[in-house]
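Here is what each chain is made of, one letter per residue.
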Amino acid sequence: DTGVSQDPRHKITKRGQNVTFRCDPISEHNRLYWYRQTLGQGPEFLTYFQNEAQLEKSRLLSDRFSAERPKGSFSTLEIQRTEQGDSAMYLCASSGPGTGVGTEAFFGQGTRLTVV
Amino acid sequence: AQTVTQSQPEMSVQEAETVTLSCTYDTSESNYYLFWYKQPPSRQMILVIRQEAYKQQNATENRFSVNFQKAAKSFSLKISDSQLGDTAMYFCAWGPSYNAGNMLTFGGGTRLMVKP
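Predicted model, so just to flag it, every value in this text is computed and none were measured. (Residues numbered from 1 in each chain as written. Chains lettered and ligands numbered in written order. Predicted model: local features only at pLDDT ≥ 70, side-chain atom pairs only at ≥ 80, totals over all residues. Heavy atoms only, no water.)

## Concerning the nonpolar core
Residue and element names in this part refer to chain B.
Then, number 1: If you look at the biggest cluster of nonpolar residues, it comprises 25 residues, and the most contacted ones within it are Y25, W36, F75, L77 and Y90.
Then, number 2: For this core, the secondary structure elements donating two or more residues are β3 (19-21), β5 (32-39), β6 (46-52), β8 (64-69), β9 (74-79), β10 (88-96) and β12 (110-115).
Then, number 3: The element that contributes the greatest number of residues to this core is β10, accounting for four residues.
Then, number 4: What F75 contacts, discounting residues up to four positions off in sequence, is C23, Y25, L34, F35, W36, Q51, V66, N67, F68 and C92. (Core = buried A, V, L, I, M, F, W, Y, C linked by side-chain atoms within 4.5 Å. Buried < 20%, exposed > 50% of the residue type's maximum accessible area, 1.4 Å probe, protein only. Helix = DSSP H or I, 4+ residues; strand = E, 2+ residues; numbered from the N terminus. Contact = heavy atoms within 4.5 Å.)

## So, the interface of chain A and chain B
Then, number 1: Each side of the interface is counted separately: chain A has 24 residues, and chain B has 19 residues.
Then, number 2: Here chain A and chain B share zero salt bridges between them.
Then, number 3: Elements that contribute at least two residues to the side of chain A that touches chain B include exactly β4 (31-37), β5 (44-50) and β9 (88-95) of chain A.
Then, number 4: The element contributing the most residues to the side of chain A that touches chain B is β4 of chain A, with four residues.
Then, number 5: Taken together, the residues of the side of chain A that touches chain B break down into nine nonpolar, 12 polar and three charged. (Salt bridge = Lys/Arg side-chain N within 4 Å of Asp/Glu carboxyl O. Nonpolar A, V, L, I, M, F, W, Y, C, P; charged D, E, K, R; others polar.)

## Concerning the side chain of T13 of chain A
All names here are of chain A.
Then, number 1: Within the element layout of this structure, T13 appears in strand β2 (residues 10-13).
Then, number 2: Take T13: its relative accessible area is 7%, and that puts it in the buried class.
Then, number 3: With residues near it in sequence (within four places) discarded, T13 still touches V19, T82, L113, T114, V115 and V116.

## Brief notes about the sheet that holds strand β7 (residues 65-68) of chain A
Residue and element names in this part refer to chain A.
Then, number 1: A sheet is described by the order of its strands in space; here four strands give the open sequence β1-β3-β8-β7, paired in antiparallel fashion. Strand pairing shows two members of the sheet lacking a second neighbour, β1 (5-7) and β7, which therefore form its edges. Across this sheet, the average inter-strand angle for adjacent strands is 15°, counted without regard to direction.
Then, number 2: Of the pairings in the sheet, the one linking strand β3 (residues 19-24) to strand β8 (residues 75-79) comprises five bridges and is antiparallel in character. Residue pairing in the sheet places C23 in a bridge with S75 of β8. (Pairing = 2+ DSSP bridges. Axes fitted to C-alpha atoms, helices over the stretch in contact; angles between N-to-C directions.)

## Concerning the pattern of salt bridges
All names here are of chain A.
Then, number 1: All chains considered together, the criterion is met by six salt bridges over all chains.
Then, number 2: Across the pair R64 and E83 runs a salt bridge, and its minimum N-O distance is 3.4 Å. Taken together, the residues R64 in the loop between β6 (53-57) and β7 and E83 in the loop between β8 and β9 connect sequence positions 19 residues apart.
Then, number 3: For R64, the salt bridge is made with D86, and the minimal N-O distance between the two is 2.8 Å. Here R64 is found in the loop between β6 and β7, whereas its partner D86 is found in the loop between β8 and β9, with 22 residues between them in sequence.
Then, number 4: Assessed through its relative accessible area of 12%, R64 is described here as buried.
Then, number 5: A cluster of three or more residues bridged by salt bridges with shared partners is formed by R64, E83 and D86.

## With respect to the state of the cysteines
Residue and element names in this part refer to chain A.
Then, number 1: Evaluated as defined, the whole model comprises two disulfides over all chains.
Then, number 2: Paired through a disulfide, C23 and C92 show a sulfur-sulfur distance of 1.8 Å. Across the S-S bond linking C23 and C92, the dihedral sits near -70°, which makes this disulfide left-handed. You can see C23 sitting in strand β3 and its partner C92 sitting in strand β9, a full 69 residues away along the chain.
Then, number 3: The exposure class assigned to C23 is buried, which follows from its relative accessible area of 0%. (Disulfide = S-S within 2.5 Å.)

Following this line, the structure appears as C-alpha cells:
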C-alpha cells in the first residue's frame, strides 16, 4: 500500500471556476477526513466520512464546498465559484476502524490550490 | 469549542541536544486524545506521538516523549538527541474521544530547525 494519495498535487484556477480534488485513502481504512491548511497555519478540519456516510461537517465548509465518498472508497472535494480566499493546501487523511493503537490518521501530501 | 495554542513559532536546537516544544489546549471534555504531528518541508504530515487523556502515564516513542499535565491542560513534546531529520513544522492537536480522536483541532505550529 502506498499510503493516502491525492490528485492533483497542484491546481491553479481562475476566480469563479469550479475545481475538484480526489483522495484515495489507504485501502482498508473506512474513515476519511478533509482538512484545509493555509500558509503558515495549522490544518483546519473540514469534513469526515465513515464509509460512504458524511458524518461531520465544519462550519468552514460553505455552500460552495461539497464532498462525496460514493462507494466508501475514494473521495472528492469540489469547490464551486472559487474565490481567492480558497487558496490553500487541501489535505486528506484516512484511518481504520476501532479506537486503539494503529487507528491514527495517515495524511496525504495534499493538493495545493492557487486561485488567481 | 476546543482550542490549541503553540506559543513558540520557531525554535532551533543543536544536533544531539534536547528540545522541548510547548502546547496548551482548552476543552470541556473529560476524555480526549492529544497528538504531535511532524510536517517536513513539502512532505506529508506524520504522527509523532499520541496520548489518551485518561492515561496518566506519559507516552514515549523512541527519542520523543511528552509531558502531559491534564489539570494544567498542557502537552509538551521533548525531543532527545535531536537529529537533522527532525527539522520540520511540529503541530500539536486535540481530538475527541470517539472516532479514535481523528477529527483534529490543530495548533498554529512550531518550526523546529536542528543545526549541525
